[in-house]
Amino acid sequence: MESKSDKLIIFDLDETLIHANGAELGYPAHFMFDAYYVYERPGVRSFLSDIARHFTIGIWSSASDDYVAEIVDHIMPATIEPLVVWGRSKCTMKRDYEYDTYYYEKRLDKLKKKGFRLEQILIVDDSPEKARTNYGNAVYIKEFTGDGNDKELQFLFNYLLTFKTTANVRTVEKRGWRNFSS
Ligand SMILES: [Mg+2]
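Structural notes, computed from the coordinates. Bear in mind the structure is a predicted one, so any value in this text is a computation, not a measurement.

**So, the coordination of the magnesium ion**
(1) Moving on: Within the protein, Asp12 (OD), Asp14 (O) and Asp126 (OD) serve as the donor atoms for the magnesium ion, at 2.1 to 2.2 Å.
(2) Moving on: All donor residues of the magnesium ion come from one chain, and their arrangement in sequence is D-x1-D-x111-D. Of this pair, Asp12 sits in the loop between strand E1 (8-11) and strand E2 (18-21) while Asp126 sits in the loop between strand E9 (121-125) and strand E10 (138-140); the two residues are 114 residues apart in sequence, bridging distant segments of the chain. Note on accessibility: Asp12 and Asp126 belong to one class, buried.

Written out as structure tokens, the structure reads:
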């Protein structure tokens, strides 16, 4: 068995691992949640299986806790036990004074109680503002809105593997990660 990294990777849900749409797109949805057609990002189940062999993983979304639990039930392979499956109740509501709006932030220091320091945590998210306080931990992924030919998770897998033995993930420049070649 290959050795597991001491790093934790937190994944967002909406537009990162799945896309939930009020109407059916040009092809059948993978499953329904209430009145929503839920589309899985291509390869998401094998991606989660493969990445969980190398890292501890968790899910954190700013959607409602019920929604998060149910979506994760659907897409997470049964053999994987994520460290956390967190929804909106674990987010921190922040005010954007410039635009006078509110947004939900994922404060990664909340994971310290689970045994992971900020130097050990990566967050994969399509929304940069969701991890504003923890900019150095974020890998920004192209948003998924149902494109059946999307290949982002393949690129992402190879890139994430480079962090297995990194001492401090925060000091690594992550912009332009998609151009990384293994
Ligand atoms: Mg998202």
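**A look at the layout of surface pockets**
(1) Moving on: The space that makes up the largest pocket amounts to roughly 190 Å³.
(2) Moving on: Taken together, Tyr135, Gly136, Ala138, Val139, Tyr140, Arg170, Val172, Glu173, Lys174, Arg175 and Trp177 make up the full set of residues lining the largest pocket.
(3) Moving on: Across the lining of the largest pocket, the residue classes tally to 6 nonpolar, 1 polar and 4 charged.

**Some details on the pattern of salt bridges**
(1) Moving on: Scanning all chains against the criterion turns up 12 salt bridges.
(2) Moving on: The closest approach of N and O atoms between Glu119 and Arg117, which form a salt bridge, is 3.4 Å.
(3) Moving on: Judged by relative accessible area, which is 27%, Glu119 ranks as partly exposed.
(4) Moving on: The partly exposed category is assigned to Arg117, whose relative accessible area is 44%.
(5) Moving on: Here Glu173 makes a salt bridge to Arg175, at a shortest N to O gap of 3.0 Å.
(6) Moving on: By relative accessible area, which is 63% here, Arg175 ends up exposed.
(7) Moving on: Each of Asp12, Lys106 and Asp125 takes part in one network of salt bridges that share partners.

**Description of the side chain of Thr166**
(1) Moving on: Along the chain, Thr166 turns up in the segment after helix H3 (152-161).
(2) Moving on: In this structure the side chain of Thr166 is engaged in a polar contact, spanning 3.3 Å, whose partner is the backbone oxygen of Thr162.
(3) Moving on: Beyond its immediate sequence surroundings of up to four residues, Thr166 is in contact with Lys7 and Val172.

**A word on the environment of Gly136**
(1) Moving on: Relative to the helices and strands, Gly136 resides in the loop between E9 and E10.
(2) Moving on: Leaving out residues up to four positions away in the same chain, Gly136 has contacts with Val169, Arg170 and Lys174.

**A few points about the pairing of strand E4 (residues 36-40)**
(1) Moving on: Where E2 meets E4, 4 bridges bridge the pair, whose relative direction is antiparallel. Bridge pairing links Ile18 to Glu40 in E4.
(2) Moving on: Note that strand E3 (residues 31-33) and E4 share 3 bridges and pair antiparallel. Opposite Phe33, over in E4, you have Tyr36 as the bridge partner.
(3) Moving on: Where E3 folds back onto E4 in an antiparallel hairpin, the turn is made up of 2 residues, including Asp34, whose phi is positive at roughly 50°.

**Points about the nonpolar core**
(1) Moving on: In this structure, Phe11, Leu17, Phe47, Leu48, Ile51, Leu156 and Leu160 are the most contacted members of the largest nonpolar core, which totals 37 residues.
(2) Moving on: Those residues within four positions of Phe11 in sequence are excluded, and the remaining contacts are Leu17, Phe47, Ile51, Ile57, Gly58, Ile59, Trp60, Val124, Leu156 and Leu160.
(3) Moving on: Among the nonpolar cores identified, the runner-up in size contains 14 residues, and Trp86, Cys91, Leu111 and Phe116 belong to it.

**Some words on the packing of aromatic side chains**
(1) Moving on: Counting across every chain of the model gives 6 aromatic pairs.
(2) Moving on: On the basis of an interplanar angle of 90° and a centroid distance of 5.0 Å, the ring pair of Phe33 and Tyr67 is categorised as edge-to-face. Of this pair, Phe33 sits in strand E3 while Tyr67 sits in helix H2 (residues 65-75), and the two are 34 residues apart along the sequence.
(3) Moving on: Centre to centre, the rings of Tyr159 and Phe163 are 5.2 Å apart; their planes meet at 85°, and the pair counts as edge-to-face.
(4) Moving on: Owing to a relative accessible area of 5%, Tyr159 belongs among the buried residues under this scheme.
(5) Moving on: The aromatic ring of Trp86 is capped on one face by Lys90, whose charged end is 4.9 Å from the ring centroid.

Calculation criteria
Residues numbered from 1 in each chain as written. Predicted model: local features only at pLDDT ≥ 70, side-chain atom pairs only at ≥ 80, totals over all residues. Heavy atoms only, no water. Donors = N, O, S within 2.8 Å, 3.2 Å for Na, K, Ca; no water. Helix = DSSP H or I, 4+ residues; strand = E, 2+ residues; numbered from the N terminus. Buried < 20%, exposed > 50% of the residue type's maximum accessible area, 1.4 Å probe, protein only. 1 Å grid on protein atoms, 1.4 Å probe; cavity = no way out; pocket = protein on both sides within 12 Å on 5 of 7 lines; lining within 4 Å. Points joined across faces, edges and corners; volume = space filled by probe spheres on them. Nonpolar A, V, L, I, M, F, W, Y, C, P; charged D, E, K, R; others polar. Salt bridge = Lys/Arg side-chain N within 4 Å of Asp/Glu carboxyl O. Polar contact = N/O pair within 3.5 Å; in protein donor to acceptor, adjacent residues only side chain to side chain. Contact = heavy atoms within 4.5 Å. Pairing = 2+ DSSP bridges. Core = buried A, V, L, I, M, F, W, Y, C linked by side-chain atoms within 4.5 Å. Phe/Tyr/Trp six-rings, centres within 6.5 Å; stacked < 30°, edge-to-face > 60°. Lys NZ or Arg CZ within 6 Å of the ring centre and 35° of its normal.

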